Amino acid sequence: MKTPYKNIYDILKLNSFIVLTVVIGAVLTCIVSVLMVIKLHKETVNSAFVVNSDGSVIPLKLVSQRENLNVEALAHLELFHTYFYNIDASNYERNLEKALWLGNSSVDALYRQKKADGVYNRLLQYSLVQKVLRIESKVDIQNEPYRFETRTVFEINRGSITDTYELITTGNLIKVDRNFPNNTHGLLITNFFESSLRKINDEQ
């Protein structure tokens, strides 16, 4: 007895179903793979790693670039003004050397002018202590170079007499390569200028 042949249309339908299933499976696999790559890329872009002092790798989540820049700019200005104005006979050379790493020739020119005027000699001669009390900065980070204005309140202790001053400084910030440990924020002060200095009451 002869084996009856299967209907050719049934065979074609089965083949079509198999092919369609394979194609759909391949498409779904590709879509899932692409989504996983995109997710991995976003996680990589939003993450960074730093090497700790002991050599270990620490993941560091990055905030938005603008917020990060604002924080670093304010920290850079606070660090500079602390080094440049918080000085006494024992630390002024070390502090000023650190401050000069944070600014360009305009900072160096001001330092040389103060030195020529005998500011640091008087610091040594009379054992003066110049202590920073407050530093308040405003930075416009919309466009580089970033314009800033800083209000620094400091006191000068002359032994039995202590006078308090308010200093307003202005200038610009530009981006440079980070230099550890000399310039950790990757910013440089330019066009630095002491725009005003006035004596204020101690309670202010």
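Just above sits the structure.
Just so it is clear, the model here is predicted, and its values are computed rather than measured.

About the cut-offs
- Residues numbered from 1 in each chain as written.
- Predicted model: local features only at pLDDT ≥ 70, side-chain atom pairs only at ≥ 80, totals over all residues.
- Heavy atoms only, no water.
- Helix = DSSP H or I, 4+ residues; strand = E, 2+ residues; numbered from the N terminus.
- Buried < 20%, exposed > 50% of the residue type's maximum accessible area, 1.4 Å probe, protein only.
- Contact = heavy atoms within 4.5 Å.
- Areas by Shrake-Rupley, 256 points an atom, 1.4 Å probe, with all protein chains shown as cover.
- Patch = residues over 30% accessible without salt bridge, like charges linked within 9 Å, V, L, I, M, F, W, Y side chains within 5 Å.
- Salt bridge = Lys/Arg side-chain N within 4 Å of Asp/Glu carboxyl O.
- Pairing = 2+ DSSP bridges.
- Expected span 1.5 Å × (residues − 1).
- Arc of directions from axis to C-beta.
- Polar contact = N/O pair within 3.5 Å; in protein donor to acceptor, adjacent residues only side chain to side chain.
- Phe/Tyr/Trp six-rings, centres within 6.5 Å; stacked < 30°, edge-to-face > 60°.

Participant: Teacher, can you tell me more about the overall build of the protein chain here?
Facilitator: Assigned secondary structure in the protein chain consists of five helices and seven strands. Taken from the N to the C terminus, the helices and strands of the protein chain come in the order α-β-β-α-β-α-α-α-β-β-β-β. Residues counted as buried form 29% of the 204 residues belonging to the protein chain. Across the protein chain, the fraction of contacts at a sequence separation of at least 24, relative to all contacts at a separation of at least 6, is 56%. Only carbon and sulfur atoms are counted for the fraction: they give 58% of the accessible area of the protein chain, which is about 14300 Å².

Participant: What's the story with a nonpolar patch on the surface in this structure? I'm lost.
Facilitator: On the surface, Val19, Leu20, Val23, Ile24, Val27, Leu28, Ile31, Val34, Leu35 and Ile38 cluster together into a nonpolar patch covering about 880 Å² of accessible area. Checked against the element boundaries, Leu28 lands in helix H1 (residues 8-45).

Participant: Can you walk me through the sheet that holds strand E3 (residues 87-88) in this structure?
Facilitator: The strands making up a sheet are joined through hydrogen bonds of the backbone, oriented either antiparallel or parallel. Taking strand neighbours across the sheet as the criterion, the five strands line up as E3-E4-E5-E6-E7 in an open arrangement whose pairing is antiparallel. Across the chains shown, the open sheet's two edge strands, defined by having one partner strand only, are E3 and strand E7 (187-200). Bridge count for strand E4 (residues 129-140) against strand E5 (residues 146-157) is 11 bridges, and the pairing is antiparallel. Residue pairing in the sheet places Lys138 in a bridge with Glu149 of E5.

Participant: When you look at the side chain of Asn172 in this model, what are you seeing that I'm missing?
Facilitator: By secondary structure assignment, the location of Asn172 is in strand E6 (residues 162-175). Ignoring any residue separated from it by four or fewer positions in sequence, one finds Asn172 in contact with Pro145, Tyr146, Arg147, Phe148, Leu188, Ile189, Thr190 and Asn191.

Participant: What should I look at first to understand helix H4 (residues 105-116) in this one?
Facilitator: Since the α-helix advances by 3.6 residues per turn, residues separated by three or four positions end up pointing in the same direction. If you check H4, its first and last C-alpha atoms are 16 Å apart, about what 12 residues at 1.5 Å a residue would give, namely 16 Å. Taken as a whole, H4 has its buried residues at Ser106, Val107, Leu110, Tyr111 and Lys114. Taken end-on, H4 shows its buried residues confined to a sector of 140 degrees, consistent with a single buried face. Facing away from the buried side of H4, by more than 90 degrees, are the exposed residues Ser105, Arg112, Lys115 and Ala116.

Participant: Explain the pairing of E5 to me, please; I cannot follow it from the model alone.
Facilitator: Each regular strand displays side chains that alternate between the two surfaces of the sheet. Here E4 folds back onto E5, and the loop between the two strands holds five residues. Bridge analysis of E5 against E6 gives 12 bridges, and the strand direction is antiparallel. Bridge pairing in E6 links Ile156 to Asp163. Between E5 and the antiparallel strand that follows it, E6, lie four residues; Gly159 among them carries a positive phi value of about 95 degrees.

Participant: How do you make sense of the side chain of Gln130 when you look at a structure like this?
Facilitator: Of note, Gln130 is situated in strand E4. There is a polar contact of 2.8 Å between the side chain of Gln130 and the backbone oxygen of Tyr85. Excluding residues that lie within four positions of it along the chain, Gln130 makes contacts with Tyr85, Asn86, Ile87, Phe154, Glu155 and Ile156.

Participant: Looking at this structure, I do not really get the packing of aromatic side chains. What am I missing?
Facilitator: For any pair of aromatic rings, geometry is given as the distance between the ring centres together with the angle between the planes. A complete count under the given rule lists eight aromatic pairs for this structure. Each ring, one from Phe84 and one from Phe192, has its centre 6.4 Å from the other, and the planes form 80 degrees; the classification is edge-to-face. Separated by 108 residues along the polypeptide, Phe84 in helix H2 (residues 65-85) and Phe192 in strand E7 bring together distant segments of the chain. With a relative accessible area of 2%, Phe84 lands in the buried category. Here Phe192 falls in the buried class, since its relative accessible area comes to 7%. For the pair Tyr111 and Tyr120, a centre-to-centre distance of 5.7 Å together with 35 degrees between the ring planes defines the contact as tilted. Exposure remark for Tyr120: the relative accessible area of 4% places this residue in the buried category. Through a chain of ring-to-ring contacts, three or more aromatic side chains come together here, namely Phe80, Phe84, Tyr85, Phe154, Tyr165 and Phe192.

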